[in-house]
Amino acid sequence: NTEQSMMTMLFFGNRSVFGTLSSAISAKFLEIAVDPQGMAPEIRRGGAQQFNHDVLTFAELFDSHSFPSRISTNINPMERACAASRLMSAEPAHIQSLRKALNDLATPSSGIITLFERRNDVEEHDFMPRLNLDDFYADERLVEEAQSMLSAKGYGVLELEEVISIINRVR
């Protein structure tokens, strides 16, 4: 009986350590991708592809040893890190199309030039201005529309501000 309780403690202890490591590594990957301190002002494609490879390697490692979650409604932190790294390393045309869609959503349709002279009639081949999160939070419906669009594109596990942070830094 003592041996049985010892085995149970070891099992749950290992699970706890594994879960803690997985969460910590996932959180660090997500922090690197989102860059809240502004340490990486640009994301280059080659570096993003290597980062994506590293994140997917760790995700595979943790996925092969995963245990069923007690709360199945929680989003797996590694899933968020994978989505962020996938966005960072996406084809330039995909990033540009997502940037344009978000820009069009946040830009007034009247053709009025905003304070920073961003126009809604920017041609696809023209440089797209940096996205501004404040443009979306001016109207809660814009946030909902943007989040819905991100879900449809496969980035629904990320917050709008995380996606904008990444898109604004991809070069």
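Placed above this text is the structure.
A brief look at the structure comes next. (Residues numbered from 1 in each chain as written. Predicted model: local features only at pLDDT ≥ 70, side-chain atom pairs only at ≥ 80, totals over all residues. Heavy atoms only, no water.)

Details of the packing of helix α1 (residues 2-34) against helix α3 (residues 77-88)
Here is the rule: As a rule, the C-alpha atoms of each element are fitted with a line to give its axis, helices using only the stretch in contact, and angles between N-to-C directions run from 0 to 180 degrees. Only DSSP runs of H or I with at least four residues qualify as helices, and only runs of E with at least two residues qualify as strands; both kinds are numbered from the N terminus onward. For classification purposes, an angle smaller than 35 degrees is called roughly parallel, one larger than 145 roughly antiparallel, one from 65 to 115 roughly perpendicular, and anything else oblique. Should the near helix be turned counterclockwise from the far one by less than a right angle, the crossing is left-handed, whereas a clockwise turn marks it as right-handed. Contact criterion: two residues are considered in contact whenever any of their non-hydrogen atoms come within 4.5 Å of each other. Side-chain classes are defined by residue name, with Ala, Val, Leu, Ile, Met, Phe, Trp, Tyr, Cys and Pro counting as nonpolar, Asp, Glu, Lys and Arg as charged, and the others, Gly among them, as polar.
Running from N to C, α1 and α3 point in directions that differ by 30°, and their axes come no closer than 8 Å. Relative to α3, the element α1 lies roughly parallel. Classified by chirality, the crossing of α3 by α1 is left-handed. The residues of α3 that touch α1, namely those facing S23, I25, S26, F29, L30 and A33, are P77, M78, R80, A81, A84 and M88. Residues belonging to the contact of α1 with α3 are distributed by class as follows: nine nonpolar, two polar and one charged.

Some words on the side chain of D35
Note that D35 resides in the loop between α1 and α2 (45-64). If we ignore the near neighbours within four places in the chain, the residues touching D35 are A40, P41 and R169.

Re a nonpolar patch on the surface
What counts is decided by this rule: Nonpolar side chains (Val, Leu, Ile, Met, Phe, Trp, Tyr) are joined into patches within 5 Å and like charges within 9 Å, using only residues with over 30% relative accessible area and no salt bridge. The Shrake-Rupley method, run with a 1.4 Å probe, gives the accessible areas here. Residue values count only the displayed protein chains as cover. When a carboxyl oxygen of Asp or Glu lies within 4 Å of a side-chain nitrogen of Lys or Arg, that pair is called a salt bridge. When a residue's accessible area, from a 1.4 Å probe over protein chains only, is under 20% of the maximum for its type it is buried; when over 50% it is exposed; and in between it is partly exposed.
A contiguous nonpolar patch, built from M6, M7, M9 and L10 and spanning about 440 Å² of accessible area, is present on the exposed surface. Residue position: M6 is located in helix α1. The exposure class of M6 is partly exposed, given its relative accessible area of 46%.

Any link to function would need more than the numbers given here.
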